[in-house]
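# Results of the structural survey
Spelled out from the first residue to the last, the chains are:
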Amino acid sequence: MKFDITFSITTEESAAHGDFDATGFEMQDVPLRDAYNFLLWHGGYCEASCSDISAARWLTFYGERDFRTGEMTDYGLHFPEKLTSASRKRIARLFKCVQ
């Protein structure tokens, strides 16, 4: 199975307008091992897109801040559609995501 990682950058100015400064794909169609290694290095606090983790469509990793510019970068790990509920739970547990 292949996973996508997206990013969103928020600045003080974009936050004042309720928007992101930039969004896009960080990685596309990567194995879970590569996504895991990237997010362990760059990701922070993890949260599932749904309170029922077995139904989550993605995990959000909050909190990479550039202290020089004040920009905050968050990442999203997007699950393949065919991923089972049990696998979604296992991956969330792997990343220590909160429910």
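A cluster of acidic side chains, namely Glu12, Glu13, Asp19 and Asp21, defines a negative patch on the protein surface. Of the residues examined, Glu13 reaches a relative accessible area of 55% and is grouped as exposed.

Phi is positive for Asp29, which is not a glycine, with a value near 50°. Summarising the element assignment, Asp29 is placed in strand 2 (residues 22-30). Backbone geometry at Lys96 places phi at a positive 60°, although glycine is not the residue there. Position of Lys96 relative to the elements: it lies in the segment after helix 3 (85-94). The exposed category is assigned to Lys96, whose relative accessible area is 67%.

Burial analysis of strand 5 (residues 72-78) places five of its seven residues in the buried class, which makes it a mostly covered element. Note that strand 1 (residues 3-10) and strand 5 share seven bridges and pair antiparallel. When the sheet's bridge partners are listed, Thr6 is paired in strand 5 with Gly76.

Now for the nonpolar core. Generally speaking, a soluble globular protein has its nonpolar side chains buried in company with each other. Core analysis: the biggest nonpolar cluster contains 22 residues, and Leu39, Leu59, Phe61, Leu77, Phe79, Ile91 and Phe95 have the highest contact counts within it. When contributions to this core are tallied by element, the ones reaching two or more residues are strand 1, helix 2 (32-42), strand 3 (45-48), strand 4 (58-65), strand 5 and helix 3. Among the elements that take part in this core, strand 1 stands out by supplying four residues, more than any other. Beyond its immediate chain neighbours, meaning those up to four positions away, Leu77 contacts Phe3, Asp4, Ile5, Leu32, Ala35, Leu39, Arg57, Trp58, Leu59, Phe61, Ile91 and Phe95.

Quick look at the state of the cysteines now. In total, this model carries one disulfide according to the counting rule given. Each disulfide pairs two cysteine sulfurs, and for Cys46 the partner residue is Cys97, the sulfurs being separated by 1.7 Å. Taken as a pair, Cys46 in strand 3 and Cys97 in the segment after helix 3 lie far apart in primary sequence, 51 residues in all. Assigned by exposure class, Cys46 and Cys97 land together as buried. Cysteine Cys50 remains unbridged, with the sulfur of Cys97 as its closest cysteine sulfur at 13 Å. Its relative accessible area of 29% is what places Cys50 among the partly exposed residues.

Calculation criteria
- Residues numbered from 1 in each chain as written.
- Predicted model: local features only at pLDDT ≥ 70, side-chain atom pairs only at ≥ 80, totals over all residues.
- Heavy atoms only, no water.
- Patch = residues over 30% accessible without salt bridge, like charges linked within 9 Å, V, L, I, M, F, W, Y side chains within 5 Å.
- Areas by Shrake-Rupley, 256 points an atom, 1.4 Å probe, with all protein chains shown as cover.
- Salt bridge = Lys/Arg side-chain N within 4 Å of Asp/Glu carboxyl O.
- Lys, Arg positive; Asp, Glu negative; His and termini not counted.
- Charge placed at Lys NZ, Arg CZ, Asp CG, Glu CD.
- Buried < 20%, exposed > 50% of the residue type's maximum accessible area, 1.4 Å probe, protein only.
- Helix = DSSP H or I, 4+ residues; strand = E, 2+ residues; numbered from the N terminus.
- Pairing = 2+ DSSP bridges.
- Core = buried A, V, L, I, M, F, W, Y, C linked by side-chain atoms within 4.5 Å.
- Contact = heavy atoms within 4.5 Å.
- Disulfide = S-S within 2.5 Å.

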